[in-house]
Amino acid sequence: MAELEAGLPFWRQAAKASDAETFLGHVRSVDQHNGHTHVRRIRELLDLPLPSTTPTQTRRETSAPGPV
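The rules we used
- Residues numbered from 1 in each chain as written.
- Predicted model: local features only at pLDDT ≥ 70, side-chain atom pairs only at ≥ 80, totals over all residues.
- Heavy atoms only, no water.
- Helix = DSSP H or I, 4+ residues; strand = E, 2+ residues; numbered from the N terminus.
- Salt bridge = Lys/Arg side-chain N within 4 Å of Asp/Glu carboxyl O.
- Buried < 20%, exposed > 50% of the residue type's maximum accessible area, 1.4 Å probe, protein only.

Colleague: Pulling in residues and values, what's your account of the environment of G35?
Modeller: In this fold, G35 is placed in the loop between helix 2 (20–31) and helix 3 (36–45). Distance from G35 to L4, taken between C-alpha atoms, is 7.5 Å for residues 31 residues apart in sequence.

Colleague: Before we move on, could you go through the pattern of salt bridges and cite the residues and values that matter?
Modeller: Pairs can form between side chains of opposite charge once their charged atoms are near each other. Scanning all chains against the criterion turns up one salt bridge. Linking E44 and R41 is a salt bridge whose minimum nitrogen-to-oxygen distance equals 3.7 Å. One end of the pair is E44 and the other is R41, both in helix 3 and three residues apart, which spans about a single turn. Residue classification places R41 among the partly exposed residues on the basis of a relative accessible area of 47%.

As structure tokens, this is what we get:
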């Protein structure tokens, strides 16, 4: 929860951005406070598998096409 609250000022700044580059810069700063670093560290300490860094395919993408 604290990480999410730490990102709030960046969301507020992004909302006031005057151009796309500034907006994206603030959004990238928010991403540093999403909690993923803590999740990875905790999973490592508990010897649990780490989340994949590549997106997984959805069932629809991997299944054979059905009748049309």
